[in-house]
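Residue-level structure breakdown
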Amino acid sequence: MIPVMYVLALAMTVFAIGVFGMVSARSGIRMMMSIELMLNSANINLVAFSNYHDDISGQVFALFSIALAAAEAVVGFAILLMIFRHKGAINVDTINILRW
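Residues numbered from 1 in each chain as written. Predicted model: local features only at pLDDT ≥ 70, side-chain atom pairs only at ≥ 80, totals over all residues. Heavy atoms only, no water.

Moving on to the overall build of the protein. When helices and strands are tallied, the protein shows three helices and zero strands. The secondary structure elements of the protein, listed N-terminal to C-terminal, are α-α-α. Each principal axis of the C-alpha atoms in the protein carries an extent, and together these give about 50 × 25 × 20 Å. Counting over 100 residues, the protein shows a buried share of 24%. Sequence separation of 24 or more characterises 51% of the internal contacts of the protein that already satisfy a separation of 6 or more. (Helix = DSSP H or I, 4+ residues; strand = E, 2+ residues; numbered from the N terminus. Buried < 20%, exposed > 50% of the residue type's maximum accessible area, 1.4 Å probe, protein only. Contact = heavy atoms within 4.5 Å.)

Listed below in structure tokens is the structure:
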């Protein structure tokens, strides 16, 4: 059995990579991938603590969170596709569609 501290260190590393990708990304697709990394690190924490406490509720909640993340990704990529069709680029610095 893997110690909980190792799994938490893995989740912290994945979350840090996601935050760095979110801060440094200029592309909308890279931002979406960074958000998915951060959500996956939260799921790693849920499963780790569920396994530590011998309770399945954390794993069920992680499965529910994965389903919500998939729906979020679909909506996000649909929005990015429409922006690409309208502007011709997905660079978030040049997108000002929602401004007045």
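Here the focus is helix α2 (residues 28-52). Here α2 is 25 residues long and its end C-alpha atoms lie 36 Å apart, about the 36 Å a rise of 1.5 Å per residue gives. Lining the buried residues of α2 we find α1 (4-24) and α3 (57-87). (Expected span 1.5 Å × (residues − 1).)

Our focus in this paragraph is α3. Under the 1.5 Å per step criterion, the end-to-end length of α3 is 44 Å for 31 residues, consistent within 8% with the ideal 45 Å. Looking only at α3, the buried set comprises G58, A62, S65, A69, A73, G76, L80 and I83. Check the buried side of α3 and you find it contacts α2.

Contact geometry for α2 and α3: axes closest at 8 Å, N-to-C directions at 175°. Taken together, the axis directions place α2 and α3 in an arrangement best described as roughly antiparallel. For the contact of α2 with α3, a count of residues per class yields 13 nonpolar, nine polar and two charged. (Axes fitted to C-alpha atoms, helices over the stretch in contact; angles between N-to-C directions. Parallel < 35°, antiparallel > 145°, perpendicular 65-115°, else oblique. Nonpolar A, V, L, I, M, F, W, Y, C, P; charged D, E, K, R; others polar.)

Located in the positive-phi region is D54, a residue other than glycine, with phi close to 55°. Its location among the elements puts D54 in the loop between α2 and α3. On the basis of relative accessibility, which here comes to 72%, the residue D54 falls in the exposed class.

Following both chains from N to C, one finds α1 and α2 inclined at 165°, their axes separated by 8 Å at the closest point. When the interaxial angle is binned, α1 and α2 end up roughly antiparallel. Viewed along their axes, α1 and α2 form a crossing whose handedness is left-handed. Its residues assigned to classes, the contact of α1 with α2 comprises 18 nonpolar, six polar and one charged. (Left-handed = near helix turned anticlockwise from the far one by under 90°.)

Before going further, it helps to spend a moment on the environment of P3. Counting through the fold element by element, P3 comes out in the segment before α1. Looking at P3, the relative accessible area reads 41%, which means it is partly exposed. Measuring from C-alpha to C-alpha, the distance between P3 and V19 comes to 25 Å, with 16 residues separating the pair along the chain.

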